[in-house]
Every structure is written in C-alpha cells, then in structure tokens.
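# Inside the fold
Spelled out, the chains give:
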Amino acid sequence: QVQLVESGGGLVQPGGSLRLSCATSGFTFSTNDMNWFRQAPGKERELVATITSSRGRIYADSVKGRFTISRDNAKNTVYLQMNSLKPEDTAVYYCNTKLRRDNYWGQGTQVTVSS
C-alpha cells in the first residue's frame, strides 16, 4: 500500500531552479522521516537531504545552501527546492522513507542541468 510518487523533474539551465514533489500514501506520513536521494549513471545512489518528523533538516555538503527540503503533512508531501543548479546535479532523484526494516522508493524523476 505504500506509495511514493515523484514529480517536477525536467531540463534546466545551469543556475536555474526546480521544485520536486513527492506525494505519498499508505503510511503515517507525519511521523516518518523522509529523504531525497539521487543517482547519476555509473555512480552510487547518494543521500541528498533528510527531513525528520520534527522538521529537522540534514543536507549533503554538495547541495548545502542551494537546496531546501520541506514537508506538508496535510498533503502527505515532501518537497525539494533546488536553486543555483549545476551540471553535477544531473541525476534521477528519488523520494525515500524507511518503514520498519523496509525501504520504500518512488519511481524517480529525471533532473538534467545543461546549457
């Protein structure tokens, strides 16, 4: 029943902005920590940002100061606002949460930063 559906990816020029959304269902969203990961071809999947149930925020050094993670518990949705985008940000971005011992993932949304 757990579902995570990302949206908002696309092609953007360096320096541009994009806002990703992850709509969820099938679990108690408000009490669950949520994460954004990304994966580029040939590279390992990396944790980009985390937002806890109490709205604590953790960011990878590579995106700190440029990305902002937020959540709307009324909408069961987590967001990733990405500003000052760089070509190195190009990847498939995945929404993630861990429920008990199981990890749940969305289908991913492609972000391409290119001039």
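The paragraphs below set out a description of the structure included in this document. Just so you know, these numbers come straight off a predicted model, no measurement behind them.

Conventions adopted
Residues numbered from 1 in each chain as written. Predicted model: local features only at pLDDT ≥ 70, side-chain atom pairs only at ≥ 80, totals over all residues. Heavy atoms only, no water. Helix = DSSP H or I, 4+ residues; strand = E, 2+ residues; numbered from the N terminus. Rg over C-alpha atoms; globule rule 2.2 N^0.38 Å. Buried < 20%, exposed > 50% of the residue type's maximum accessible area, 1.4 Å probe, protein only. Contact = heavy atoms within 4.5 Å. Disulfide = S-S within 2.5 Å. Pairing = 2+ DSSP bridges. Phe/Tyr/Trp six-rings, centres within 6.5 Å; stacked < 30°, edge-to-face > 60°. Lys NZ or Arg CZ within 6 Å of the ring centre and 35° of its normal.

Moving on, we come to the overall build of the protein. Along the protein, the regular secondary structure elements total 0 helices and 11 strands. For the protein, the α and β elements follow one another from N to C terminus as β-β-β-β-β-β-β-β-β-β-β. Here the C-alpha atoms of the protein give a radius of gyration of 13 Å, agreeing with the 13 Å that 2.2 N^0.38 yields for 115 residues. Dimensions of the protein, computed from C-alpha atoms along their principal axes, come out at roughly 40 × 25 × 20 Å. Expressed as a percentage of the 115 residues in the protein, the buried residues total 43%. Summarising the internal contacts of the protein: among those between residues at least 6 apart in sequence, 52% fall at separations of at least 24.

The full count for this structure, using the stated rule, is 1 disulfide. Across a sulfur-sulfur distance of 2.1 Å, Cys-22 and Cys-95 are joined as a disulfide pair. Negative torsions about the S-S bond denote left-handed disulfides, and the value of about -85° found for Cys-22 with Cys-95 makes this one left-handed. Placement of Cys-22 in strand 3 (residues 18-25) and of Cys-95 in strand 9 (residues 91-99) is noted, with a sequence separation of 73 residues between them. With respect to class, Cys-22 is no different from Cys-95; both count as buried.

Mapped onto the secondary structure, Gly-16 falls in the loop between strand 2 (10-12) and strand 3. Taking relative accessible area as the criterion, Gly-16 reaches 17% and is therefore assigned buried. Each C-alpha atom, one on Gly-16 and one on Val-113, is 8.3 Å from the other, the two residues being 97 residues apart in sequence. When neighbours within four sequence positions are excluded, Gly-16 is seen to be in contact with Met-82, Asn-83, Ser-84 and Leu-85.

With respect to burial, strand 9 is a largely interior element, 8 of its 9 residues being buried. Looking at chain direction, strand 4 (residues 34-39) and strand 9 are connected through 5 bridges and run antiparallel. Note on strand 9: the bridge partner recorded for Gln-39 is Val-92. Pairing between strand 9 and strand 11 (residues 109-113): 3 bridges, direction antiparallel.

The subject of this paragraph is the packing of aromatic side chains. Applying the stated rule across the entire model yields 3 aromatic pairs. Connected via pairs of aromatic rings, a cluster forms that spans Phe-37, Tyr-94 and Trp-105. Residue placement shows Arg-19 over the ring face of Tyr-79; its charged tip is 4.2 Å from the ring centre. Here Arg-45 stacks its cationic end above the ring of Trp-105, 4.5 Å away from the centre of that ring.

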